[in-house]
Amino acid sequence: MSTKHELLVTAADVKEAEALLHAGADALLIGDDRFGMRLPGSFTIEENAEVVALAAKHGARVIVSMNNLMSNDILKELPEYVQAIGRIGVHAVEFNDPSVLAAIKEHAPHIRLHWNAEMTSTNYATANYWGTKGASRVVLARELNMDEITEMVPFLKVEAQVQVHGMTNIYHSKRSLVQSYLAHQGRPVEGYLGKERGLFLIEAERRDEKFPIYEDVNGTHIMSSEDICILEDLHLMMEAGVQSFKVEGILKPIAYNEAVVRAYRKAIDTYEADPDAYAYNEDWLREVRELQDPERELSFGFFYKEQVY
């Protein structure tokens, strides 16, 4: 009997959450901007409860992102928030800061813990350490290549999660850098320059690449100029035993994210039905390619690069 693999996808609001569940998502990643970083949308507790109810109808799970940089002020709000998501039936939280782990253990110990330290989750020993502290899953760094991932999984004592599609963050600052830049130019703006503004950076040496940039309550975020797409070699990670595959839907329209979920759903289901007979079908990606922004390349990201830190 083959291993069950989870297809996890981010959602910007309740409407998108429902659409992605219909498209075949096994789990949804949502959260509140106070506690989570780089979320497609910020969910209230009431909206969170609505998504949990929708997911339950599909036999799916809801994971809440709590991977923000926790300040002392945020710590004061943690107990109430953790108790609230505990009451509504959230399956797990993604965390980086031990303060979140402590709050979950104290106020909602039934919620599973997924350790997500972004680019620093690069080895099995550290992942297993967090496993001894209560984590049941590690979110592997996006900067790891395919060999590093597949060779690490057998040594993990916790589940492994890998991002397989979408854009990635390449820079973050707690400051509002674009707002400060415009003010310096004598063009001050009110409020955050959010995701809806469609801003991007262009480097002088690479004018054909556009790097999306936006600001929110957590500062300034610069995103990659291309989108990861590992569908063609997804079977290599399924064979290695990776349990969860994440689709990052930030800054993407609902129709695009639905198409991506359908493509990966087809690949996962085909593999699980008969791993020995599995063969990748290029047609699975056709709808995604039709909806892909022509200015953003689909790439393997770091999966086949020799990493230099």
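Residues numbered from 1 in each chain as written. Predicted model: local features only at pLDDT ≥ 70, side-chain atom pairs only at ≥ 80, totals over all residues. Heavy atoms only, no water.

Caption draft 1: Representation of the overall build of the protein within the structure. Regarding its fold elements, the protein presents ten helices and 14 strands. The C-alpha atoms of the protein give 19 Å as radius of gyration, which agrees with the globular expectation for 309 residues (19 Å, within 12%). Looking at the 309 residues of the protein, the share that counts as buried comes to 53%. Summed over its atoms, the accessible surface of the protein is roughly 14500 Å², and 51% of this surface lies on carbon and sulfur atoms. (Helix = DSSP H or I, 4+ residues; strand = E, 2+ residues; numbered from the N terminus. Rg over C-alpha atoms; globule rule 2.2 N^0.38 Å. Buried < 20%, exposed > 50% of the residue type's maximum accessible area, 1.4 Å probe, protein only. Areas by Shrake-Rupley, 256 points an atom, 1.4 Å probe, with all protein chains shown as cover.)

Caption draft 2: Inspection of the sheet that holds strand S8 (residues 169-173) at higher detail. Judged by pairing direction, the sheet is antiparallel, and its four strands sit side by side in the order S8-S11-S10-S9 without closing on themselves. Edge positions in the sheet fall to S8 and strand S9 (200-203), since each has one partner strand and no second. If you compare each strand with its neighbour and ignore which way they point, the axes differ by 25° on average. Two strands pair when backbone bridges link them, and S9 and strand S10 (residues 206-216) are joined in this way by three bridges, in the antiparallel orientation. Opposite Leu201, over in S10, you have Phe211 as the bridge partner. This element, helix H7 (residues 177-184), spans S8, S10 and strand S11 (219-223) of the sheet and lies at about 100° to S10. (Pairing = 2+ DSSP bridges. Axes fitted to C-alpha atoms, helices over the stretch in contact; angles between N-to-C directions. Contact = heavy atoms within 4.5 Å.)

Caption draft 3: Geometry of the packing of aromatic side chains. As enumerated under the stated definition, the model contains eight aromatic pairs in all. Between Tyr124 and Phe155, the ring centres sit 4.8 Å apart and the planes meet at 20°, which makes this aromatic pair stacked. Within this pair, whereas Tyr124 is found in helix H5 (residues 124-132), its partner Phe155 is found in the loop between helix H6 (146-152) and strand S7 (159-166), the two being separated by 31 residues in sequence. Judged by relative accessible area, Tyr124 falls into the partly exposed class, the value being 37%. Taken together, Phe95, Trp115, Tyr129 and Trp130 form an aromatic cluster joined through their ring pairs. Lying across the ring of Tyr256, Lys252 places its NZ or CZ 5.0 Å from the centre. (Phe/Tyr/Trp six-rings, centres within 6.5 Å; stacked < 30°, edge-to-face > 60°. Lys NZ or Arg CZ within 6 Å of the ring centre and 35° of its normal.)

Caption draft 4: Expanded view of the pattern of salt bridges. The full count for this structure, using the stated rule, is 22 salt bridges. Ionic pairing is found between Glu248 and Lys246, a salt bridge with its closest N-O pair at 3.2 Å. Accessibility assignment for this pair places Glu248 and Lys246 in one class, buried. Via salt bridges that share partners, Glu6, Arg61, Arg112, Arg137 and Glu159 belong to a single interconnected network. (Salt bridge = Lys/Arg side-chain N within 4 Å of Asp/Glu carboxyl O.)

Caption draft 5: Seen up close, H5. Of all the residues in H5, the buried ones are Ala127, Asn128 and Trp130. Summarising the axial view, the buried residues of H5 lie within an arc of 155°, below the 170-degree limit, and thus occupy one face. At its buried positions, H5 is contacted by strand S4 (92-95), helix H4 (98-107), strand S5 (112-115) and strand S6 (135-139). Among the residues of H5, the N-terminal cap falls to Asn123, whose side-chain oxygen and the backbone nitrogen of Ala125 are separated by 3.1 Å. Within two residues after H5, Gly134 carries a phi angle of roughly 125°, on the positive side. (Arc of directions from axis to C-beta. Polar contact = N/O pair within 3.5 Å; in protein donor to acceptor, adjacent residues only side chain to side chain.)

Caption draft 6: How the structure looks around the pairing of S7. Within S7, seven of the eight residues are buried, which leaves the element mostly enclosed by the surrounding structure. Examined bridge by bridge, S6 and S7 share three bridges and lie parallel to one another. Bridge assignment links Val139 to a residue of S7, and that residue is Gln161. Pairing of S7 with strand S13 (residues 244-247), which is carried by four bridges, proceeds in the parallel orientation. Residue pairing across strands places His165 opposite Val247, the latter belonging to S13. Across two bridges, the pairing between S7 and strand S12 (residues 227-229) is antiparallel. Looking across to S12, one finds that Gly166 is bridged to Ile228.

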